[in-house]
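Letter by letter, the chains look like this.
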Amino acid sequence: MHKEYNWLKNLKFILLSMFMLVLAACNTAEMIDNSPIPVVDTHIHLYDLNRLPGLPWPEKKDKVLYRSVFADEYNKVIAKNKLAGVIVVEASPRVSDNDWVLYHTQEYKDKYVGLIGALEFDKQTFKDDLNRLCENERFLGLRIGTQYLGEPAKKGYMKDPIVLTNLQHLSDAGKALDVLLVSLVFDDVIFMAERYPKLKIVINNIDSVILKGKDLPSELSKIKKAASFPNVYCKVTSLINSCTKVRAEKDMAYFKGELTKVLDLFGEDRLIYGSNWPCIIKQGEFSDHFKVINDYFAPQGRRALEKLYYQNAEKVYGFKLK
């Protein structure tokens, strides 16, 4: 009996030692892995003011953004910052504007990994348009709320049976849903997350969602409830746009409290990096925005950065970096 006890004791010691060695090896491997982490910018806008008249955005009074913005301009950002990929988010609900982005970026498709398009969810033609877009492998999903930029959504929008049916079509197609919370609100996110549990929902632009006066208990409780759904994600985009100063803050410490709030709400598995270029150039360069985010998340470790910069995006949007 004494020998058997010693044998078991020795076995436990050996197994524990082996576990500790494996754990140490994993930690060491992470510490010594200094290879560059691929970065995918999941949120930029491209548009041509001269292609068709009447784009809903940007507004004519916007002296910075009211101009045509093409891929060759953002290609300079890609090269300067060594980005691995980019996703274009369409800011117009016209069907043809989706096709324009896919065609315009085809030449650079190794970098322009996909499009989050825009369709009007309350149209009977939605399913046919969606099915056609799905034929292009770089079509990754749609954004809802785009058709009401700067306006409240029409009354009863999220109760419209056509909208609800079309959201189901999107879910069945396995495509993601970006949500622009300008006309839509967190109650809408909660409603969609509950009704469509298989639909991956991505909240856009934390500058308007989390950072601007959203500390009221009632509002914060809705944010927390939305974030509690495992199919709800958040893009860490447009951060420096939240700074209302004429000269934007570019120090991580200025945003630390809000970034901590976002990380606590969604966790490292449901945060996705994006810039919201060219909108951010109103407050600074692409590198300014990226540095603030990287300075905050780098201490979280390499795995957290890998998830933020490309792995979570691959999981949600269904693309794979080459």
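Residues numbered from 1 in each chain as written. Predicted model: local features only at pLDDT ≥ 70, side-chain atom pairs only at ≥ 80, totals over all residues. Heavy atoms only, no water.

Colleague: Teacher, can you tell me more about the pattern of salt bridges here?
Modeller: When the charged atoms of two side chains with opposite charge come close together, those side chains can pair. In total, this model carries 15 salt bridges according to the counting rule given. Among the salt bridges present, the one from K282 reaches D62, with a minimum N-O distance of 2.8 Å. Pair noted here: K282 is in the loop between strand 8 (271-273) and helix 10 (286-297) and D62 is in the loop between strand 1 (40-44) and helix 2 (71-81), with a separation of 220 residues, a long-range link. Under the relative-accessibility criterion, K282 is labelled partly exposed at 44%. Taking the relative accessible area as the measure of exposure, D62 reaches 14% and is therefore buried. (Salt bridge = Lys/Arg side-chain N within 4 Å of Asp/Glu carboxyl O. Helix = DSSP H or I, 4+ residues; strand = E, 2+ residues; numbered from the N terminus. Buried < 20%, exposed > 50% of the residue type's maximum accessible area, 1.4 Å probe, protein only.)

Colleague: Help me understand the pairing of strand 4 (residues 139-144), please; the structure alone is not making it clear to me.
Modeller: Summarising burial for strand 4: six of the six residues are buried, a large majority. Where strand 3 (residues 112-117) lies against strand 4, three bridges are found, and the strand directions are parallel. Residue pairing across strands places I116 opposite G141, the latter belonging to strand 4. The β-α-β motif built from strand 3, the intervening helix 4 (residues 126-134) and the parallel element strand 4 has right-handed crossover chirality. (Pairing = 2+ DSSP bridges. Right-handed = clockwise from strand over helix to strand, strands pointing away.)

Colleague: For this particular structure, what's the right way to read the packing of helix 10 against helix 11 (residues 302-317)?
Modeller: Geometry of a packed helix pair, given as the angle between the helix axes and the separation of the axes. Here helix 10 crosses helix 11 at 145°, and the two axes come no closer than 10 Å. The segment helix 10 lies against helix 11, with F290, I293, N294 and F297 engaging L305, L308 and Y309. Residues that form the contact of helix 10 with helix 11 fall into these classes: six nonpolar, one polar and no charged. (Axes fitted to C-alpha atoms, helices over the stretch in contact; angles between N-to-C directions. Contact = heavy atoms within 4.5 Å. Nonpolar A, V, L, I, M, F, W, Y, C, P; charged D, E, K, R; others polar.)

Colleague: Hey, could you run me through helix 5 (residues 161-172) in this one?
Modeller: With 12 residues, helix 5 ought to run about 16 Å at 1.5 Å a step, and its terminal C-alpha atoms sit 16 Å apart, in line with that. Within helix 5, the full set of buried residues consists of V163, L164, N166, L167, L170 and S171. Here the buried residues of helix 5 occupy an arc of 165° about the axis, which is enough to place them on one side. Facing away from the buried side of helix 5 by more than 90 degrees, the exposed set consists of P161 and D172. Considering only its buried residues, helix 5 is in contact with helix 4, strand 4, strand 5 (176-179) and helix 6 (186-195). By the N-cap criterion, in which a side-chain oxygen at the helix start approaches the backbone nitrogen of a residue two or three places on, helix 5 is capped by D160, the distance to I162 being 2.9 Å. (Expected span 1.5 Å × (residues − 1). Arc of directions from axis to C-beta. Polar contact = N/O pair within 3.5 Å; in protein donor to acceptor, adjacent residues only side chain to side chain.)

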